[in-house]
Amino acid sequence: MADSSLEDHLYLDLKGGRVTIKLRPDLAPKHVSRIKDLVREGFYDGIVFHRVIPGFMAQTGDPTGTGRGGSGQNLPAEFTKAPFERGAVGMARAQDPNSGDSQFFICFAPARFLDGQYTVWGEVTDGMEHVDGIAPGEPPRQPDSIVKLQVAADAA
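Structure report, in brief. (Residues numbered from 1 in each chain as written. Predicted model: local features only at pLDDT ≥ 70, side-chain atom pairs only at ≥ 80, totals over all residues. Heavy atoms only, no water.)

**A few points about the sheet that holds strand 1 (residues 9–14)**
Note on sheets: strands pair through backbone hydrogen bonds, and any given pair is parallel or antiparallel.
Thinking step 1. Pairing within the open sheet is antiparallel, and its eight strands lie in the order 3-4-6-5-7-2-1-8. Each edge of the open sheet is held by one strand with a lone partner, namely strand 3 (51–53) and strand 8 (148–151). Recorded for the sheet is a direction-independent mean angle of 20° between the axes of neighbouring strands.
Thinking step 2. In this structure, strand 5 (residues 88–91) lies alongside strand 7 (residues 120–126), joined through three bridges in antiparallel fashion. Residue pairing for strand 7: A88 is matched across the bridge by E123.
Thinking step 3. The sheet strands contacting helix 2 (residues 29–41) are strand 1, strand 2 (17–23), strand 5, strand 7 and strand 8, and the helix crosses strand 8 at an angle near 120°. (Pairing = 2+ DSSP bridges. Helix = DSSP H or I, 4+ residues; strand = E, 2+ residues; numbered from the N terminus. Axes fitted to C-alpha atoms, helices over the stretch in contact; angles between N-to-C directions. Contact = heavy atoms within 4.5 Å.)

Structure (structure tokens):
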């Protein structure tokens, strides 16, 4: 990966291995900026996947592990026509379209019914098999967690 593109990639380390996420500032510049800030603070390290629905998606980013928490800073929606395909990374939200905070999800399969209603801010480019291995459940009985999430440019 070229040095200039390392700033636009995340390394998501799971128990099964590393997942590479390409950030999409072209689609969601405010979301990408906020995610990178949280990543650089170490916000996501150790947070569990609290909602994992086979054939749909795995959701994380809530420090309480309940699905009701976040970082405390909502973001304005950045909806686009980008499709929710396998590996798409989107921002979770409540009913208010402008309620995205720190929670995000990774799609296991196409979820086109989400198109234009949720913000796409990234896509898995490598390691999707590790996402497929995340323990299922709402919540999972023994949830998997993010070992470490880092901006690729910062990785040692």
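**Brief notes about the side chain of R24**
Thinking step 1. In this structure, R24 sits in the loop between strand 2 and helix 2.
Thinking step 2. Within the local environment of R24, its side chain forms a polar contact with the side chain of D26, the two groups lying 2.6 Å apart. (Polar contact = N/O pair within 3.5 Å; in protein donor to acceptor, adjacent residues only side chain to side chain.)

**As for the pattern of salt bridges**
Thinking step 1. Inspection of the entire model under this criterion finds twelve salt bridges.
Thinking step 2. A salt bridge links K36 to E7; the shortest N-O distance between them is 3.1 Å. Here E7 lies in the loop between helix 1 (3–6) and strand 1 and K36 lies in helix 2, a separation of 29 residues in the sequence.
Thinking step 3. For R112, the salt bridge is made with E85, and the minimal N-O distance between the two is 3.3 Å. Here the residue R112 occupies a position in the loop between strand 6 (104–107) and strand 7, and E85 occupies one in the loop between strand 4 (57–60) and strand 5, the gap between them amounting to 27 residues.
Thinking step 4. When its relative accessible area of 46% is taken as the criterion, R112 is described as partly exposed. (Salt bridge = Lys/Arg side-chain N within 4 Å of Asp/Glu carboxyl O. Buried < 20%, exposed > 50% of the residue type's maximum accessible area, 1.4 Å probe, protein only.)

**A word on helix 2**
Thinking step 1. Across its 13 residues, helix 2 extends 19 Å between first and last C-alpha, which sits within 8% of the 18 Å expected from 1.5 Å per residue.
Thinking step 2. By the burial criterion, the buried members of helix 2 are H31, V32, R34, I35, K36, L38 and V39.
Thinking step 3. Looking at the buried side of helix 2, the elements it contacts are strand 1, strand 2, strand 5, strand 7 and strand 8.
Thinking step 4. One or two residues past the end of helix 2 sits G42, with phi positive at roughly 80°. (Expected span 1.5 Å × (residues − 1).)

**A few points about the packing of aromatic side chains**
Thinking step 1. Overall, the coordinates contain six aromatic pairs when judged by the stated rule.
Thinking step 2. Judged by centre distance (5.6 Å) and plane angle (35°), the rings of F56 and F113 are tilted. Residue F56 is located in the loop between strand 3 and strand 4, and its partner F113 is located in the loop between strand 6 and strand 7; the two are separated by 57 residues in the primary sequence.
Thinking step 3. Ring pairing ties together the aromatic residues F43, Y44, F104 and W121, which thus form one cluster.
Thinking step 4. Taking NZ or CZ as reference, R93 lies 4.4 Å from the ring centre of Y118, over its face. (Phe/Tyr/Trp six-rings, centres within 6.5 Å; stacked < 30°, edge-to-face > 60°. Lys NZ or Arg CZ within 6 Å of the ring centre and 35° of its normal.)

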